[in-house]
Amino acid sequence: MRADIYFLQFLKDDKASVGGGGIGTLISYLCPLLEGMGFSTTVYQCAGQRFDAVFGATKVVGIPGYPGPGRSNEAVAGHLRDVARREAGTDDRLEIFAADFFSVANKNPLAITVQNGLAWDAAIEHLTSSKLYQNAWGEKVFRYRCQMRGLRRFEACYNRVAVDLYFINWYRSFRGAHLNGRVWYNPNPAPAAAWDARREAESAQGRPLRIIFARRFVPEKGTRVIADVFSELLQLRPQIEITLAGAGPEQEFLARTFSGDARVTMTSYRTEDALQVHARHDIAVIPSLCGEATCLAVLEAMAAGCAVVATNMGGTITEIIDGFNGRLCWPTKASLLKALIDVIDSPERRLRFQKCGWETSQQGFGMAGWRKRWIDILDQIVNGKEEAARAIARPGLR
């Protein structure tokens with residue numbers, strides 16, 4: 001059977017490197033799993049011009065056109081789907097909308113929408129620049145519209161997979177326990193990694209501690225707040241080194257903020273190199289200001305043996321138990337600064353966070369468990385095709 005995956009971006013412009021943030025990483029894990037199950041898999045993505053490439057055994061097709069003014073995510077996703085349908089010559093195929101915000105309503109009993117975390121819990125200034133909503137009543141209207149849109153997008157397909165319990169519990173607060181359609185929970189996986197025993201020896205050494213902030217450089221990922229935190233931290237604890245790893249519209253701001261400070265390095269890396277890069281650091285900070293899903297940045301840092309300091313946004317709260325396998329903070333400068341100083345000043349606690357975090361990533365979010373759950377989900381969808389088709393045909397389905 002054929003399997004088609006749709007997303008904004010999977011491969012970068014070089015047609016080889018994985019892009020698309022955490023969702024691109026998820027696709028890179030899904031493709032070999034689908035191929036291993038016998039699916040002939042193709043990823044359809046947006047591109048500047050048509051291209052045909054391969055990722056392992058998976059075909060990747062770039063289709064010209066991106067969402068923008070007058071062209072919604074749904075319209076672009078629908079166009080990719082039309083192209084896929086023409087090239088497949090059949091509607092009898094597995095379809096995976098890799099993000100709910102890039103899905104279209106359909107009646108295919110083999111279609112799946114994947115929900116990757118809600119984002120409308122951020123401060124209103126991070127959600128919209130329109131002055132219409134920068135007041136109490138306007139904000140309520142805006143958030144209500146975001147939630148209704150979130151429901152509509154998640155329910156675009158009869159089969160729905162959510163990658164974090166934060167969203168699932170929000171969804172149940174609207175729909176109750178009896179849901180039309182099939183819903184599964186499968187948290188994102190951590191990369192497989194062995195514990196690096198050298199961390200236990202290094203904890204007693206006097207070298208500078210290395211801290212990494214590895215995210216997209218956008219305000220909602222905490223670039224402004226972490227710049228304030230790091231600026232003060234470098235004064236309070238001068239014997240540290242900081243790596244800012246990523247790219248995005250805030251890159252110039254970060255470069256300007258830390259210009260001339262030899263203790264701060266700016267870099268970027270390929271998705272495939274996340275473990276290797278984090279393994280060279282002691283502490284990872286994830287200062288998100290809006291809802292994460294099961295945050296891959298947290299899991300990658302844990303798997304590499306970093307002590308993780310993160311804000312209590314979205315699915316991150318299902319990964320970190322504050323004081324056990326990391327530090328969980330409020331999304332404020334004061335809370336993040338206090339937690340980082342605590343981890344810097346407490347070598348024994350830092351080592352415990354590192355080891356417990358690594359164990360959490362490998363046992364609670366291991367790749368083998370993620371693969372097994374996806375195989376079970378796909379088997380249920382394929383084997384339950386006729387039942388799903390009958391349910392979709394009934395009136396009143398949401």
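Conventions and cut-offs
Residues numbered from 1 in each chain as written. Predicted model: local features only at pLDDT ≥ 70, side-chain atom pairs only at ≥ 80, totals over all residues. Heavy atoms only, no water. Buried < 20%, exposed > 50% of the residue type's maximum accessible area, 1.4 Å probe, protein only. Helix = DSSP H or I, 4+ residues; strand = E, 2+ residues; numbered from the N terminus. Pairing = 2+ DSSP bridges. Right-handed = clockwise from strand over helix to strand, strands pointing away. Expected span 1.5 Å × (residues − 1). Contact = heavy atoms within 4.5 Å. Polar contact = N/O pair within 3.5 Å; in protein donor to acceptor, adjacent residues only side chain to side chain. Core = buried A, V, L, I, M, F, W, Y, C linked by side-chain atoms within 4.5 Å. Arc of directions from axis to C-beta. Salt bridge = Lys/Arg side-chain N within 4 Å of Asp/Glu carboxyl O.

S.K.: Could you give an account of the pairing of strand β7 (residues 159-162), with specific residues and numbers?
M.R.: Side chains Asn159 and Val161 project from β7 onto one buried face, and the interleaved Arg160 and Ala162 project onto a second face that is buried too. Strand direction decides the pairing type here: strand β6 (residues 111-115) and β7, joined by four bridges, are parallel. By the bridge assignment, Val114 is partnered in β7 with Val161. Pairing of β7 with strand β8 (residues 182-185) involves four bridges; the strand directions are parallel. Paired with Val161 across the bridge in β8 is Trp184. Assessed by its sense of winding, the connection that carries the chain from β7 through helix α5 (residues 165-175) to β8 is right-handed.

S.K.: Explain helix α4 (residues 136-154) to me, using residue names and the numbers behind them.
M.R.: The periodicity of an α-helix, 3.6 residues per turn, causes residues three or four places apart in sequence to face the same way. The first and last C-alpha atoms of α4 sit 27 Å apart over 19 residues, in line with the 27 Å expected at 1.5 Å per residue. Residues of α4 that are buried make contact with α2 (73-88), β6, α3 (124-127), β7, α5 and β8. A side-chain oxygen of the first residue of α4 lies 3.3 Å from the backbone nitrogen of Trp137; this N-cap is Asn135.

S.K.: Describe in detail the nonpolar core, supporting the description with residues and values.
M.R.: Within the largest apolar cluster, 51 residues are counted, with the highest numbers of intra-cluster contacts made by Ile27, Leu94, Ile112 and Trp374. Tallying contributions element by element places helix α1 (residues 21-36) first for this core, with eight residues. Sequence-distant contacts of Ile27, defined by excluding residues within four places in its chain, comprise Ile5, Phe7, Phe10, Val43 and Ala98.

S.K.: Provide a residue-level description of helix α14 (residues 385-393), including the pertinent values.
M.R.: Among all positions of α14, only Ala388, Ala391 and Ile392 are buried. All buried residues of α14 fall inside an arc of 100° around its axis, so they share one side. Residues of α14 that are exposed and point over 90 degrees away from its buried face: Glu386, Arg390 and Ala393. Against β8 lie the buried residues of α14.

S.K.: Kindly report on the pattern of salt bridges, identifying the contributing residues and their values.
M.R.: Overall, the coordinates contain 29 salt bridges when judged by the stated rule. Note that Arg143 and Glu139 form a salt bridge whose closest N and O atoms lie 2.9 Å from each other. Taken together, the residues Arg143 and Glu139, both in helix α4 and four residues apart, mark about one turn of the helix. Classification of Glu139 by relative accessible area gives partly exposed; the value is 26%. Between Arg175 and Glu155 there is a salt bridge whose closest N-O contact spans 2.8 Å. One end of the pair, Arg175, is in helix α5; the other, Glu155, is in the loop between α4 and β7, with 20 residues separating them in the sequence. The exposure class assigned to Glu155 is buried, which follows from its relative accessible area of 14%. Salt bridges sharing common partners tie together Arg2, Asp4, Arg81, Arg93 and Glu95.

Purely spatial values, then, with no claim about function.
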